[in-house]
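Now for the letters of each chain:
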Amino acid sequence: QVRVVESGGGSVQAGGSLRLSCAASGSIFVANSMGWYRQAPGKQRELVAAITSVGSTNYADSVKGRFTISRDNAKNTVYLQMNSLKPEDTALYYCKANLGGYSYWGQGTQVTVSS
């Protein structure tokens, strides 16, 4: 059974940094793509950043230049380095892993940025 587990969320002041981690376990496949999404209260879930198994990346315009996504294929783990955080980055951050033709979501990790 595939499990996707996020970690690294927390509370920081504006301008601070956080690093999120997400590990997908229980599959013999290397994740085709992995990504981070976020959902703020009253808003729809949105893509933050995604990365393929060969390292191609995609970022939301709102985080370009501030966030960096990376991955370790051997561990089916993806990271999100978040710098210069803003209050509008406050949200529940979810990890998604595409494995063996299916998509798997984590439970989310809260990021709160205070002004």
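Structure: see above.
Residues numbered from 1 in each chain as written. Predicted model: local features only at pLDDT ≥ 70, side-chain atom pairs only at ≥ 80, totals over all residues. Heavy atoms only, no water.

Asks: Provide a residue-level description of the overall build of the chain, including the pertinent values.
Replies: Each helix and strand counted, the chain has 0 helices and 11 strands in total. Reading the helices (α) and strands (β) of the chain from amino to carboxyl end gives β-β-β-β-β-β-β-β-β-β-β. Its C-alpha atoms give the chain a radius of gyration of 13 Å, near enough to 13 Å, the size a compact globule of 115 residues would have. The principal-axis extent of the C-alpha atoms belonging to the chain is close to 45 × 25 × 20 Å. Counting over 115 residues, the chain shows a buried share of 41%. (Helix = DSSP H or I, 4+ residues; strand = E, 2+ residues; numbered from the N terminus. Rg over C-alpha atoms; globule rule 2.2 N^0.38 Å. Buried < 20%, exposed > 50% of the residue type's maximum accessible area, 1.4 Å probe, protein only.)

Asks: Residue-level account of the nonpolar core, with values.
Replies: Counting 30 residues, the largest nonpolar core has W36, L80, M82 and Y93 as the members making the most contacts within it. No other element matches the 5 residues that strand β9 (residues 91-99) contributes to this core. Those residues in contact with Y93 that sit more than four places away from it in its chain are E6, L20, W36, Y37, R38, V48, F67, L80, M82, G108, T109 and V111. (Core = buried A, V, L, I, M, F, W, Y, C linked by side-chain atoms within 4.5 Å. Contact = heavy atoms within 4.5 Å.)

Asks: How would you sum up the state of the cysteines? Please name residues and give values.
Replies: Tallied over the full model, the rule gives 1 disulfide. Linked covalently through their sulfurs, C22 and C95 form a disulfide whose S-S length is 2.0 Å. Residues C22 and C95 are joined through a disulfide that is left-handed, its torsion about the S-S bond being -80°. Note that C22 is positioned in strand β3 (residues 18-25) and C95 in strand β9, a separation of 73 residues in sequence. (Disulfide = S-S within 2.5 Å.)

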